Amino acid sequence: MTVAHHFQFRDGVLHAEDTSLADLASEFGTPLYVYSRQALHDAWEAYRVAAQGRNVLVCFGMKANSNLAVLNEFKKLGSGFDIVSGGELARVLAVGGDASRIVFSGVGKQEWEMQAALKAGVKCFNVESEAELLRLAQVADRLGMVAPVSLRVNPDVDAQTHPYISTGLKENKFGIAIESAVAVYQRAATLPSLKVVGVDCHIGSQITESAPYLDALDKLIALIKTLAGLGIDLQHLDLGGGIGIRYTDETLLSPSALLDKVFQVLDAQGLSHLQLVLEPGRSLVGNAGVLLTKVEYLKHSEAKNFAIVDAAMNDLLRPTLYGAWHSVEAVTPRDNTNVAQSYDIVGPICESGDWLARDRELNLEQGDLIAIMSAGAYAFTMASQYNTRPRAAEIMVDGTQAHVIRPREKMEDLFATEKVLN
Ligand code: LLP
């Protein structure tokens, strides 16, 4: 059975750490996101160990899970943050995060976001186009400041992942084509309100092999050397995020396996002085969370059996958007022998695309609780209120303690600010 490390069965009931998910459901209702604090710490530990003795800054790719409680755990562990909006910046500042450990990524930074990040004092802007570079130079100039800049280069490598989450290919909207990068760096070096500090790339997400990273690294190193020859010396190299997690039976790429190889290459190329920056999102939080949901109805038709649950695509968009697989566990499983049937787990939303899992062998009855596993990353952060469904509560479990880190949204709040015309 593929149950994540901090989510295990005890006396026939699925637990998060030492807390029964059945108890959580009866106390807080469903649907419910439940995170394990220890799982966050363990995921961080894998990066800490991998980076030991080297100059590495891990910036949590917080788009994966930006709840303040989650950010606060990583802040206390020493993490920096990879942000992609002024909103994410505000969240980091709200937990007292250190702006000098923030890298600001994203293709469409607006002026107000640049201003806010400059004033906060972020480590660097990962600039994705020449137009953005010029805008940043203007904004910094107006404030009488100097903006630290790294160019996000598109190395044109295939991360071998889902097309929607592959970002390092020529045809993607991300980054500056590696062939044009030298010219853009030279331009940047002439602008007094910019300071070139690094180079960065992010080739995609849910990557399970080191080869695409090493291909990208080779290309970045060639660029770094060309730039050095032109008198442009960089202080850091940012390889982005993207390390995958186990949703089902994926073979895993561990942070150590990847970093050992990266350090080897950097040492061999005489570049060990460069700081290595990483932007992992999913691998720090993905397997630290589940989405708990209750079976409202079972519906058997000629072609399919459906378990209609109270969670839906608005709570977990990944299955319908990417065809993503999330494991499904009955919280209090019955003996499956002879009675399990193949179910599609679907939500109440009025869309055929509203499904969470397909063709799962389960022995279910109305009222049963099920856990959609690996829902710590890109679940709540991609949630919406479609069909006027309040977003579900988020709970952080710490041993036997359950903390509400975001209460369930109230129905009346959903439209409290809307106005009808006279
Ligand atoms: N850095 C940058 C610039 C990124 O665009 C991303 C993710 C990350 C870091 C973190 O990547 P991670 O370590 O989480 O793979 N919603 C999709 C994933 C989209 C990823 C977008 N960028 C999903 O649910 O699979």
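What counts, and where the lines are drawn
Residues numbered from 1 in each chain as written. Predicted model: local features only at pLDDT ≥ 70, side-chain atom pairs only at ≥ 80, totals over all residues. Heavy atoms only, no water. Helix = DSSP H or I, 4+ residues; strand = E, 2+ residues; numbered from the N terminus. Rg over C-alpha atoms; globule rule 2.2 N^0.38 Å. Buried < 20%, exposed > 50% of the residue type's maximum accessible area, 1.4 Å probe, protein only. Contact = heavy atoms within 4.5 Å. Areas by Shrake-Rupley, 256 points an atom, 1.4 Å probe, with all protein chains shown as cover. Lys, Arg positive; Asp, Glu negative; His and termini not counted. Charge placed at Lys NZ, Arg CZ, Asp CG, Glu CD. Salt bridge = Lys/Arg side-chain N within 4 Å of Asp/Glu carboxyl O. Polar contact = N/O pair within 3.5 Å; in protein donor to acceptor, adjacent residues only side chain to side chain. Near = heavy atom within 4 Å. Nonpolar A, V, L, I, M, F, W, Y, C, P; charged D, E, K, R; others polar. 1 Å grid on protein atoms, 1.4 Å probe; cavity = no way out; pocket = protein on both sides within 12 Å on 5 of 7 lines; lining within 4 Å. Points joined across faces, edges and corners; volume = space filled by probe spheres on them. Axes fitted to C-alpha atoms, helices over the stretch in contact; angles between N-to-C directions. Parallel < 35°, antiparallel > 145°, perpendicular 65-115°, else oblique. Left-handed = near helix turned anticlockwise from the far one by under 90°. Pairing = 2+ DSSP bridges. Phe/Tyr/Trp six-rings, centres within 6.5 Å; stacked < 30°, edge-to-face > 60°. Lys NZ or Arg CZ within 6 Å of the ring centre and 35° of its normal.

A. Layout of the overall build of the protein chain. The number of helices and strands found in the protein chain is 12 helices and 21 strands. In terms of overall size, the protein chain behaves like a compact globule, its C-alpha atoms giving a radius of gyration of 23 Å where 422 residues would be expected to give roughly 22 Å. Overall, the protein chain is about 70 × 65 × 40 Å in size when its C-alpha atoms are taken along their principal axes. In the protein chain, buried positions account for 54% of the 422 residues. A separation threshold of at least 6 residues defines the contact pool for the protein chain, and within that pool the share at least 24 residues apart is 70%. Only carbon and sulfur atoms are counted for the fraction: they give 50% of the accessible area of the protein chain, which is about 18000 Å². Between the mean site of the 37 positive side-chain charges and the mean site of the 51 negative ones, the protein chain shows a separation of 5 Å.

B. Highlighting the side chain of Arg318. Position of Arg318 among the secondary structure elements: in helix α11 (residues 318–322). Despite its burial, Arg318 remains without a salt bridge, the nearest opposite charge being carried by Glu250 at 8.0 Å. Polar side-chain contacts of Arg318 include one of 2.9 Å to the side chain of His326. Those residues in contact with Arg318 that lie beyond four places of it in its chain are Tyr247, Arg282, Gly323, Ala324, His326, Ala377 and Tyr378.

C. Inspection of the site of the ligand at higher detail. Taken together, 17 residues lie around the ligand, and Ser205, Glu279, Arg318, Tyr322 and Tyr378 are the ones closest in. A distance of 3.5 Å separates an oxygen atom of the ligand from a polar side-chain atom of Lys63. Between the ligand and the protein, one listed contact pairs a nitrogen atom with a side-chain N or O atom of Tyr322 at 2.6 Å. Considered on its own, the ligand offers 580 Å² of accessible surface; in the complex 91% of this is hidden by protein. Partitioning the shell around the ligand into residue classes produces five nonpolar, six polar and six charged.

D. The arrangement of empty space enclosed by the protein in detail. Enumeration over the complete set of coordinates arrives at two cavities of 30 Å³ or more. For the largest cavity, the calculated volume is near 50 Å³. For the largest cavity, the full set of lining residues is Tyr47, Tyr213, Gly240, Gly241, Ile243, Leu258, Leu259, Leu278 and Pro280. For the lining of the largest cavity, a count of residues per class yields seven nonpolar, two polar and no charged. The volume enclosed by the second largest cavity comes to roughly 40 Å³. As for the second largest cavity, its lining consists of Arg54, Asn55, Val56, Phe263, Leu266, Ser272, Leu274 and Leu276. Of the residues in the lining of the second largest cavity, the class split is five nonpolar, two polar and one charged.

E. A look at the packing of helix α4 (residues 86–94) against helix α5 (residues 111–120). Direction vectors running N to C along α4 and α5 enclose 25 degrees, while the axes themselves pass 9 Å from each other. If you check the angle between α4 and α5, you find them roughly parallel. The handedness of the crossing between α4 and α5 is left-handed. When α4 is examined against α5, the residues Gly86, Gly87, Leu89 and Leu93 are found in contact with a partner set consisting of Trp112, Glu113, Ala116, Ala117 and Ala120.

F. How the structure looks around unusual backbone geometry. Cis geometry marks the peptide bond from Thr30 to Pro31, where omega comes out at -5 degrees. At Asp11, a residue that is not glycine, the phi angle is positive and equals roughly 50 degrees. One can find Asp11 in the loop between β1 (7–10) and β2 (13–16). Even without being a glycine, Gln206 presents a positive backbone phi close to 55 degrees. Mapped onto the fold, Gln206 is located in the loop between β11 (194–200) and α8 (211–229).

G. Geometry of the sheet that holds strand β3 (residues 19–20). Taken together, three strands build an open sheet; the order of strands is β1-β2-β3 and the sheet is antiparallel. The open sheet is flanked by β1 and β3, the only strands paired with a single partner. In this structure, β1 lies alongside β2, joined through four bridges in antiparallel fashion. Bridge pairing in β2 places Arg10 opposite Val13.

H. Up close: the packing of aromatic side chains. As enumerated under the stated definition, the model contains four aromatic pairs in all. Between the aromatic rings of Phe60 and Phe74, the centroid separation amounts to 4.7 Å while the plane-to-plane angle is 45 degrees, which identifies the pairing as tilted. Of this pair, Phe60 sits in strand β5 (residues 56–61) while Phe74 is found in helix α3 (residues 68–77), placing the two residues 14 residues apart along the sequence. Geometrically, the ring pair formed by Phe104 and Phe125 is tilted, given 5.8 Å between the ring centres and 35 degrees between the ring planes. Of this pair, Phe104 sits in strand β7 (residues 102–104) while Phe125 sits in strand β8 (residues 124–127), and the two are 21 residues apart along the sequence. Exposure remark for Phe104: the relative accessible area of 0% places this residue in the buried category. Here the aromatic residues Trp44, Phe60 and Phe74 are joined through ring pairs into a cluster of three or more. Over the ring of Trp355 we find Arg358, and its NZ or CZ is 4.1 Å from the ring centre. The ring of Trp325 has Arg360 lying over it, and the distance from NZ or CZ to the ring centre is 3.4 Å.

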